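This is what each chain is made of:
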Amino acid sequence: MSMVDEPLYPIAVLIDELKNDDIQLRLNSIRKLSTIARALGEERTRKELIPFLSENNDDDDEVLLAMAEELGVFIPYVGGLEYAHVLLPPLETLCTVEETCVRDKAVESLCRIGSQMRENDLVDWFIPLVKRLAAGEWFTARVSACGLFHIAYPSASELLKAELRTIYSQLCQDDMPMVRRSASTNLGKFAATVEPAYLKTDVMQIFEDLTQDDQDSVRLLAVEGCAALGKLLEPQDCIAHILPVIVIFSQDKSWRVRYMVANQLYELCEAVGPEPTKTDLVPAYVRLLRDNEAEVRIAAAGKVTKFSRILTPELAVQHILPCVKELSSDSSQHVRSALASVIMGMAPVLGKDSTIDQLLPIFLSLLKDEFPDVRLNIISKLDQVNQVIGIDLLSQSLLPAIVELAEDRHWRVRLAIIEYIPLLASQLGVGFFDDKLGALCMQWLQDKVYSIREAAANNLKRLAEEFGPDWAMQHIVPQVLEMVNNPHYLYRMTILSAISLLAPVMGSEITCSKLLPVVVTLAKDRVANIRFNVAKVLQSFIPIVDQSMMEKTVRPCLVELAEDPDVDVRYFSKQALEAIDQVMMTA
């Protein structure tokens, strides 16, 4: 190909690939747009590439999505901000396609470009684009337009601003629910750019129209608008306009709207302030906690602690606790699970006396719940209660239930208990731990589930770190070494794992005198998996044992294993021997 034709080559390839039947080729060419634009130069990109993309009517959503994404970062390739407006036509076309994710990405890219454009360019190019989309015959264009107003509005003249507010108001009353939903979703962003004077009049009128929409999907999006607008309005306006809407929404005939209120309630409380929360929103919240739809109760139960923090302890005990008691025996396990995940956080809010009198019985009933997730959620947050009621009371009331759960039939519950043991141990102290929980820790090493055995071995290491090597030498090491003769090879593997984890904590002397001889004995085990794990453990001992022990015991054992009939045993033994040689060389 001649030198003259060379600059034409990239665009020719792109056009060919964009028209190819193979979607992957079309996708690849779209993803290479920036490379092609660089090859073409800024002027030809503006005059040839962008017009071509505007006319490209690819019917594959994946290709269109990639194009919408690429164009969002294309300003440098068309000559900078001065020419940013040339990117608007292809994105405008993408804003009208049927596929939602393509439209959303095109709107995102337009917002990115619009936020960088010069003010006069926004007036000349961006605002007319928004108006065209808002007046689009097909609803997809009008849906996309709603997401662009917050970029267009600040740069507009007073006259244009009034027109944009009117257009937005019309979109909120559109015949298509999808358009009204989009207007409702984007209202908070648009309101943030509107002047305070118009916020109270025009925007609040738009908001009130949306809150009375006959479609619940529009009303539930207006709930989010409550929180967004509440942050923009003065406190007195918020109480006058937002509070009544929240109260009405909490009694809405659609459970989805009530669910949204329950989900957003904490943010809504922040918007209206503490006093209105106590007088108006507490009754609304109590209604949601007693809602006849389980989904609403789940959302409300998950906010119990957050909501209680806003109130005084007296109000929480008076209004919220009776509902919490009801929820703890709710017919839906998911409601009880949501409550269990947050109820522990109520202890610091209510204080010691109320926690002991009112919350402890609820904790105990949830700890004995038939649904494992409920029990799990309680166990994982026990430390929050300990800080309030103290370890003595915790051990008397909750520990028997914890010991019971340590043998739970669901392995995930047992796992949660094991992971909580080191924290419990540090809180209970060594004496209490030996008394009540020591035997359990050994029992878990012989569990039927591998994850439990693995966690149990890790647990022993963490306990040794907590209580020190002397305690471990007395209470852990002898019992672990006794299990080494278990007839089942999987349990012997667990013991090997426990030994390798304990060795760094126990130090060189105990490792050489107590742990190493047991590992060397296992090198003659009849199961190959045990033997190659012995090689791995011996390799992990290299930094711990002294040089004489290495030469006298570790190396001969590995040399013997390196001649093993099993290929894996030989492989790991040779690896360990190489590691020893390396240490010797550096020493």
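Residues numbered from 1 in each chain as written. Predicted model: local features only at pLDDT ≥ 70, side-chain atom pairs only at ≥ 80, totals over all residues. Heavy atoms only, no water.

You can read under Sequence similarities (unreviewed entry) in the UniProt record for the chain the words "Belongs to the phosphatase 2A regulatory subunit A family." (UniProt positions renumbered as here; feature names shortened; annotations may be inferred.)

**Q** How would you sum up the pattern of salt bridges? Please name residues and give values.
**A** Inspection of the entire model under this criterion finds 21 salt bridges. Close ionic contact of Arg112 with Glu108 constitutes a salt bridge, the shortest N to O distance being 3.6 Å. One end of the pair is Arg112 and the other is Glu108, both in helix H7 (residues 100-114) and four residues apart, which spans about a single turn. Residue classification places Arg112 among the partly exposed residues on the basis of a relative accessible area of 34%. Among the salt bridges present, the one from Lys161 reaches Glu195, with a minimum N-O distance of 2.9 Å. Linking Lys161 in helix H11 (residues 158-171) with Glu195 in the loop between helix H12 (177-191) and helix H13 (196-211), this pair joins segments that are 34 residues apart in sequence. The buried category is assigned to Lys161, whose relative accessible area is 11%. Residue classification places Glu195 among the partly exposed positions, given a relative accessible area of 21%. Because the salt bridges share partners, they merge into one network encompassing Lys105, Glu108 and Arg112. (Salt bridge = Lys/Arg side-chain N within 4 Å of Asp/Glu carboxyl O. Helix = DSSP H or I, 4+ residues; strand = E, 2+ residues; numbered from the N terminus. Buried < 20%, exposed > 50% of the residue type's maximum accessible area, 1.4 Å probe, protein only.)

**Q** Quick one: what's the story with the packing of helix H15 (residues 235-249) against helix H17 (residues 274-289), residue by residue and with numbers?
**A** Between H15 and H17, the least distance of the axes is 10 Å, while the angle of their chain directions is 15 degrees. When the axis of H15 is compared with that of H17, the two are roughly parallel. Considering only the axes of H15 and H17, their crossing is left-handed. Where H15 abuts H17, its residues Ile239, Leu243, Ile246 and Val247 lie against Pro276, Asp280, Leu281 and Arg287. Per-class residue counts for the contact of H15 with H17 are six nonpolar, no polar and two charged. (Axes fitted to C-alpha atoms, helices over the stretch in contact; angles between N-to-C directions. Parallel < 35°, antiparallel > 145°, perpendicular 65-115°, else oblique. Left-handed = near helix turned anticlockwise from the far one by under 90°. Contact = heavy atoms within 4.5 Å. Nonpolar A, V, L, I, M, F, W, Y, C, P; charged D, E, K, R; others polar.)

**Q** Please give an account of the packing of aromatic side chains that cites residues and values.
**A** Enumeration according to the criterion identifies eleven aromatic pairs in this entry. Ring centres 5.5 Å apart and planes at 50 degrees place the aromatic pair Trp138 and Phe139 in the tilted group. With a centroid separation of 5.4 Å and an interplanar angle of 90 degrees, the aromatic rings of Tyr153 and Phe190 are classed as edge-to-face. On the criterion of sequence distance, the pair formed by Tyr153 in the loop between helix H10 (149-152) and H11 and Phe190 in helix H12 is long-range, its members being 37 residues apart. No difference in accessibility class separates Tyr153 from Phe190, as the two residues are buried. (Phe/Tyr/Trp six-rings, centres within 6.5 Å; stacked < 30°, edge-to-face > 60°.)

**Q** Go over H7 with me, naming the residues and quoting the values.
**A** Counted at 1.5 Å a residue, the expected span for H7 with its 15 residues is 21 Å, and the 21 Å between its end C-alpha atoms agrees. Tucked into the core, H7 has its buried residues touching helix H5 (61-71), helix H6 (88-94), helix H8 (119-134), helix H9 (139-146) and H10. (Expected span 1.5 Å × (residues − 1).)

**Q** Break down H17 for me, citing the residues and quoting the values.
**A** Across its 16 residues, H17 extends only 20 Å between first and last C-alpha, which sits more than 12% below the 22 Å expected from 1.5 Å per residue. Along its length, H17 reaches its greatest deviation from straightness, about 50 degrees, at Leu281, and the proline Pro283 lies no more than four positions downstream. Three or more residues of H17 are buried, namely Pro276, Thr277, Leu281, Val282, Ala284, Tyr285, Val286, Leu288 and Leu289. On its buried side, H17 packs onto H15, helix H16 (255-272), helix H18 (294-301), helix H19 (304-310) and helix H20 (313-328). (Bend = angle between axes of the 7 residues up to and from the residue.)

**Q** Which residues make up the side chain of Asp369, and what values go with them?
**A** Secondary-structure assignment places Asp369 in the loop between helix H22 (346-367) and helix H23 (372-379). Given the relative accessible area of 8%, Asp369 is considered buried. At 2.5 Å, the side chain of Asp369 forms a polar contact with the side chain of Arg336. (Polar contact = N/O pair within 3.5 Å; in protein donor to acceptor, adjacent residues only side chain to side chain.)

**Q** Lay out the packing of H17 against H18 with the relevant residues and their values.
**A** Look at H17 against H18: their axes get within 8 Å of each other, and the N-to-C directions meet at 130 degrees. Taken together, the axes of H17 and H18 lie oblique to each other. Across the interface between the two elements, Tyr285, Leu288 and Leu289 from H17 touch Val296, Arg297, Ala300 and Ala301 from H18. Class assignment of the residues belonging to the contact of H17 with H18 gives a composition of six nonpolar, no polar and one charged.

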